[in-house]
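Okay, here's what each chain looks like letter by letter:
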Amino acid sequence: MNAAELAGQVLVLLGAAVFVVAALGLRRFRDPYMRISAVATAGGLGVACVTVGAVLLDPSVASAAKVAVAVVLQLLTSAVGGIAIARAAVGSGHRFAPGTDTRALDAPDSPDGEE
Amino acid sequence: MIVIDIAVAGLAVAFLVAAWRVVAGPTPADRVVAADLLTFSLIGLVALVGTRLARAGTFDLVIVATLVAFLAAVSLARALTGGHR
Amino acid sequence: MILRALTLPIRAVVFLLWFAGQVVLSSAAVLADVLVSGRRSTPRVVRLDLADAGDHHVTALGVLVTLTPGTLVLGVVEQPGGTRSVLVHSMYHRDETTAVADLRDLDDRLVRGLTLGGRP
């Protein structure tokens, strides 16, 4: 086994672990915002690890170029998608878990969390 | 490749938990974010299974799926607020 | 300015490595919570003032904050004076002060690492 293959195996397993942690977070966290945080992070990092790992297991220049594009896109889109969902959740009045300090949301210049 | 099989199992777990959360809710935002994880784990599965079967075009599919997942996330976020921005 | 341009690749790489390290560090808190009960977090919403930061700056910061385990951007608010702040949902900071300090540190490093001119 060469170094690329070993790195590929580690990354693939790491990516799968990130997904399992995200699934646990989705299962156990108490409010939508914590779940969005878990999924947006894991979506970006998990998919990045898995795809980079996959290409290292079967390397080629063409695949590597496509994976580079896919990873950058995935990191950006999962974060922006997560922000869009979080913002929509605030805007549609989803409640935070009891005990969440939301005073920053109630400041006079942010009319009911809109925008 | 046993490593890929293990990773596929991990992603399958994430996929199933996400599917359960889509059904269980309880709030619409929970369902939306679960659908997001559902598409992400599907993208990971495409990359892994494509590599396992040595299919050409696997990573083209990953790029397209990434963009579709983004459109889905944004549309579902829009749906949460009832179409308002 | 020329020096800033020449050092940009190095500064960018250093920043990205630092950010990768931060991701690993903060994932420890998430792991410690999720593997036990998922109920150990101390969630809060904090506001980070960004003065007159531009769209690219706010977007880059938002993406980085959201990719960091345990933090999530909830939105951007624009004050009447034209200044902007981001609202950040943080799960594992002890208190508001440390949360804002960490976010401010990320923002400072972002500006130092990825711009030609530094803070306008």
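Given the structure is predicted, the values throughout are model-derived calculations rather than measurements.

### A short note on the sheet that holds strand 2 (residues 71-78) of chain C
Residues and elements named next belong to chain C.
Here is step 1: Taken together, the three strands give an open sheet; going across it, the order is 1-3-2, and neighbouring strands pair in antiparallel fashion. Here the strands that pair on one side only, and so sit at the sheet edges, are strand 1 (44-49) and strand 2. Along the sheet, successive strands turn relative to each other by an average axial angle of 25°, direction set aside.
Here is step 2: Relative to strand 2, helix 2 (residues 55-67) is tilted by about 155°, and along the sheet it contacts strand 1, strand 2 and strand 3 (84-90).
Here is step 3: Here helix 3 (residues 96-114) sits on the sheet in contact with strand 1 and strand 3, set at roughly 45° to strand 1.

### Overview of the UniProt feature "transmembrane region" (unreviewed entry) in chain B
All names here are of chain B.
Here is step 1: In the UniProt entry, the feature "transmembrane region" (unreviewed entry) is given for residues 34-54 and 61-80.
Here is step 2: Between the C-alpha atoms that bound residues 34-54 the distance is 30 Å, and the span itself is 90% helix and 0% strand.
Here is step 3: Taken as a whole, residues 61-80 contains 100% helix and 0% strand, while its terminal C-alpha atoms sit 28 Å from one another.

### Quick look at the packing of aromatic side chains
All names here are of chain A.
Here is step 1: Tallied over the entire structure, the rule returns two aromatic pairs over all chains.
Here is step 2: Seen from their ring centres, Tyr 33 and Phe 96 are 4.0 Å apart, and the 10° between their planes marks the pair as stacked. Within this pair, whereas Tyr 33 is found in helix 2 (residues 32-57), its partner Phe 96 is found in the segment after helix 3 (61-91), the two being separated by 63 residues in sequence.
Here is step 3: By relative accessible area, which is 17% here, Phe 96 ends up buried.

### Let's talk about the packing of helix 1 (residues 3-28) of chain A against helix 2 (residues 28-52) of chain B
Here is step 1: The contact between helix 1 of chain A and helix 2 of chain B brings their axes to 11 Å, and the two run at 160°. Considering their axes alone, helix 1 of chain A and helix 2 of chain B lie roughly antiparallel with respect to each other. As for how helix 1 of chain A packs across helix 2 of chain B, the hand of that crossing is left-handed. Contacts from Val 12, Phe 19, Ala 22, Ala 23 and Leu 26 of chain A of helix 1 of chain A reach helix 2 of chain B at Val 33, Ala 34, Leu 37, Phe 40, Ser 41 and Leu 48 of chain B.
Here is step 2: Looking at the contact of helix 1 of chain A with helix 2 of chain B residue by residue, the class counts come to 10 nonpolar, one polar and no charged.

### Some remarks on the interface of chain A and chain C
Here is step 1: Contact residues are listed per partner, giving 36 residues for chain A and 36 residues for chain C.
Here is step 2: Our count for the chain A to chain C interface comes out at zero salt bridges.
Here is step 3: Counting every contact that joins chain A to chain C gives three residue pairs in polar contact (both at pLDDT 80 or more).
Here is step 4: For the side of chain A that touches chain C, the secondary structure elements donating two or more residues are helix 1, helix 2 and helix 3 of chain A.
Here is step 5: Here the side of chain A that touches chain C takes 10 residues from helix 3 of chain A, the largest share from any one element.
Here is step 6: A breakdown of the residues in the side of chain A that touches chain C according to their chemical character gives 19 nonpolar, 10 polar and seven charged.

### Some words on helix 3 of chain C
Residue and element names in this part refer to chain C.
Here is step 1: With 19 residues, helix 3 extends 27 Å from end C-alpha to end C-alpha; this agrees with the ideal 27 Å at 1.5 Å per step.
Here is step 2: In the core, the buried residues of helix 3 are packed alongside helix 1 (2-34), strand 1, helix 2 and strand 3.
Here is step 3: Between a side-chain oxygen at the N-terminus of helix 3 and the backbone nitrogen of Thr 97 the separation is 3.3 Å; the capping residue is Asp 95.

Rules used throughout
Residues numbered from 1 in each chain as written. Chains lettered and ligands numbered in written order. Predicted model: local features only at pLDDT ≥ 70, side-chain atom pairs only at ≥ 80, totals over all residues. Heavy atoms only, no water. Pairing = 2+ DSSP bridges. Helix = DSSP H or I, 4+ residues; strand = E, 2+ residues; numbered from the N terminus. Axes fitted to C-alpha atoms, helices over the stretch in contact; angles between N-to-C directions. Contact = heavy atoms within 4.5 Å. UniProt positions renumbered as here; feature names shortened; annotations may be inferred. Phe/Tyr/Trp six-rings, centres within 6.5 Å; stacked < 30°, edge-to-face > 60°. Buried < 20%, exposed > 50% of the residue type's maximum accessible area, 1.4 Å probe, protein only. Parallel < 35°, antiparallel > 145°, perpendicular 65-115°, else oblique. Left-handed = near helix turned anticlockwise from the far one by under 90°. Nonpolar A, V, L, I, M, F, W, Y, C, P; charged D, E, K, R; others polar. Salt bridge = Lys/Arg side-chain N within 4 Å of Asp/Glu carboxyl O. Polar contact = N/O pair within 3.5 Å; in protein donor to acceptor, adjacent residues only side chain to side chain. Expected span 1.5 Å × (residues − 1).

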